[in-house]
Amino acid sequence: MSERTDSRTDPGAGDGGAAAARKREQHGWYVYDFACSVYSTSVLTVFLGPYLTAVAKAAADAEGYVHPLGVPVRAGSFFAYSVSASVILAVLIMPLVGAAADRSGRKKPLLAVAAYTGAAATAGMFFLGGDRYLLGGLLLIVANASLAVSMVLYNAFLPQIATPEERDTVSSRGWAFGYTSGAFVLLLNLVLFQGHDSFGLSEGEAVRICLASAGVWWGAFAIVPLRRLRDRAVVREGGGAPAVSGWRQLVATLKDMRRYPLTLSFLLAYLVYNDGVQTVISQASVYGSEELELEQSTLIVAVLLVQVLAVAGALGMGRLARTYGAKRTILGSLVAWTATLAAGYFLPARTPVWFFALAAMIGLVLGGSQALSRSLFSHLVPAGKEAEYFSAYEMSDRGLSWIGPLVFGLTFQVTGSYRDAIISLVVFFALGFVLLARVPVRRAVEAAGNPVPERV
């Protein structure tokens, strides 16, 4: 049985009315980044790492170990291992969700389930306190896996709502919306955290409110894309039931992807370098608080700086891509990432100004490298298979990004040094650069049956 997407899904088709409808969907699409990025910023990047580490230390034995499921784990590694567990869970779910979305054509209901499961788990972090490190780990696993699943479906809309020439710009704007909301909410978090005494709150209560508010924000603003995005009809040639075994569909998807080896080559490169990106995002606050001995307020200001500069970085690198092509721009960002990690290794403790400089470097390359990777991949996806292929992309983006946190956690477990842990991530950017440089992008777009943009 073969399938194709209804001709109405062509983002370039139609008159001015169709173009206006496409813009409306694009604006709604941006808002999902606006909704969920607060989780990535306030929860995963700033508050949860140091707070969950402190909770784990409160529950640790005399040697500094906790024992989830009877396994001895250094308390300082528990957060990193929880991140790894969350993305392993996502690996098991994302391909099935992507296949189900493409076969049924119903991305929106699945997006709603994933978004509100993640939002509820995040809001539940209000109850994380004392020595409840296992509760914190469980909520992190559920929220992180739900975010990854929702992003499969969210990203799969991109080829359907933007023409090939629009995608770099639309993708970059989505990231810019996300970083804008992250910066705004983080600024509110800073006010609450710094003034917790005047609000009659303890420091721990302030952190728990910041964590839970990210879930409320996520759920509230997810309403907008769920109202504006529309599902596309899927026409099945030869009939057949829309629901087959998820695992059989997964196997079929993987077999189908072997027909596009250049798309797989890009995914491999992305898997490697993005693993480094995701690990830096999730572990930076732990590195700052535990190794550099910085105050929580310093970390908040640093991440706020990242958010502000990431908006400019995403839009600026989108413009660079129009001149030099997405591939060359991404390669340049990987060089910058490598230099940033090397600088981070040598940062002296208790010197906020140098940490702010490092945050500025991260902000300028973070948004652009992620946005351009997403838009570049959208050119490599065969028409009608967006959710399935973006499930593989999301496995690379978040679903297979368990290797970096695992390497980070194991390095700390063995050496007891967060500096050794952070420098171990350089290999992901160096190897990712080599693999991406070898991908002939124009041939990859042609092989997927898509029109080749002037700059790619």
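Residues numbered from 1 in each chain as written. Predicted model: local features only at pLDDT ≥ 70, side-chain atom pairs only at ≥ 80, totals over all residues. Heavy atoms only, no water.

### Brief notes about the packing of helix α12 (residues 326-345) against helix α17 (residues 426-437)
Relative placement of two packed helices is described by the angle separating their axes and the distance separating the axes.
Item 1. Put simply, α12 and α17 touch, their axes get as near as 9 Å, and they point 160 degrees apart. In terms of orientation, α12 and α17 fall into the roughly antiparallel class. Helix-helix and strand crossings are classified by hand; for α12 and α17 the assignment is left-handed. Along the contact surface, α12 presents K327, I330, L331, L334, V335, W337, T338 and L341, while α17 presents V426, F429, A430, G432, F433, L436 and A437.
Item 2. Residue classes in the contact of α12 with α17 are distributed as 12 nonpolar, two polar and one charged. (Axes fitted to C-alpha atoms, helices over the stretch in contact; angles between N-to-C directions. Helix = DSSP H or I, 4+ residues; strand = E, 2+ residues; numbered from the N terminus. Parallel < 35°, antiparallel > 145°, perpendicular 65-115°, else oblique. Left-handed = near helix turned anticlockwise from the far one by under 90°. Contact = heavy atoms within 4.5 Å. Nonpolar A, V, L, I, M, F, W, Y, C, P; charged D, E, K, R; others polar.)

### Examining the environment of I141
Item 1. Along the polypeptide, I141 turns up in helix α4 (residues 133-156).
Item 2. Residue I141 is classed as partly exposed on the basis of its relative accessible area of 21%.
Item 3. The spatial distance from the C-alpha of I141 to the C-alpha of S86 is 4.1 Å, given a sequence separation of 55 residues.
Item 4. Apart from the residues lying within four places of it in its own chain, the contact partners of I141 are S82, A85, S86 and L89. (Buried < 20%, exposed > 50% of the residue type's maximum accessible area, 1.4 Å probe, protein only.)

### Details of the side chain of S77
Item 1. For S77, the position within the fold is in the loop between β3 (73-74) and α2 (78-104).
Item 2. The contacts of S77, once residues within four sequence positions are left out, are G409, F412 and Q413.

### Some thoughts on a nonpolar patch on the surface
Item 1. Taken together, V335, V427, L431, F433 and V434 make up a surface patch of nonpolar side chains, about 400 Å² in accessible area.
Item 2. Examining the composition of the nonpolar patch, we find that four residues originate from one element, α17, more than from any other.
Item 3. Looking at the secondary structure, you find V434 in helix α17. (Patch = residues over 30% accessible without salt bridge, like charges linked within 9 Å, V, L, I, M, F, W, Y side chains within 5 Å. Areas by Shrake-Rupley, 256 points an atom, 1.4 Å probe, with all protein chains shown as cover. Salt bridge = Lys/Arg side-chain N within 4 Å of Asp/Glu carboxyl O.)

### Points about the pattern of salt bridges
Item 1. Taken as a whole and judged by the stated rule, the model has seven salt bridges.
Item 2. Among the salt bridges present, the one from D33 reaches R374, with a minimum N-O distance of 3.7 Å. Of this pair, D33 sits in helix α1 (residues 16-59) while R374 sits in helix α13 (residues 352-378), and the two are 341 residues apart along the sequence. Both residues of the pair, D33 and R374, count as buried.

### Considering the packing of helix α3 (residues 107-123) against α4
Item 1. Following both chains from N to C, one finds α3 and α4 inclined at 155 degrees, their axes separated by 8 Å at the closest point. Relative to α4, the element α3 is oriented roughly antiparallel. Crossing geometry of α3 relative to α4 is assigned as left-handed. Here K107, L110, L111, A114, A115, T117, G118, A121 and T122 of α3 lie close against α4, whose contacting residues are L139, V142, A143, S146, V149, S150, L153, Y154 and A156.
Item 2. A class-by-class count of the residues in the contact of α3 with α4 yields 12 nonpolar, five polar and one charged.

### Let's talk about the side chain of H379
Item 1. Along the chain, H379 turns up in the loop between α13 and α14 (386-399).
Item 2. Under the relative-accessibility criterion, H379 is labelled buried at 3%.
Item 3. Contact partners of H379, with chain neighbours within four places excluded, come to P164, R167, V445, A448, N450 and P453.

### Considering the packing of aromatic side chains
Item 1. Under the counting rule described, the total for this entry stands at 19 aromatic pairs.
Item 2. Note on F34 and F221: the rings are 5.1 Å apart at their centroids and 75 degrees apart in plane angle, and the pair reads as edge-to-face. With a gap of 187 residues between them, F34 in helix α1 and F221 in helix α7 (residues 203-221) connect regions that are remote in the sequence.
Item 3. With a centroid separation of 5.4 Å and an interplanar angle of 90 degrees, the aromatic rings of Y270 and Y273 are classed as edge-to-face. With Y270 and Y273 both in helix α10 (residues 261-291) and three residues apart, this pair spans about one turn of that helix.
Item 4. The class for Y270 is buried, based on a relative accessible area of 1%.
Item 5. Members of the aromatic cluster, each reached through a chain of ring pairs, are W29, Y30, Y32, Y154 and F177.
Item 6. Above the plane of the ring of F412 lies R74, whose end atom (NZ or CZ) is 5.6 Å from the centre.
Item 7. The lysine or arginine in question, K107, covers the ring of F157, its NZ or CZ lying 5.7 Å from the ring centre. (Phe/Tyr/Trp six-rings, centres within 6.5 Å; stacked < 30°, edge-to-face > 60°. Lys NZ or Arg CZ within 6 Å of the ring centre and 35° of its normal.)

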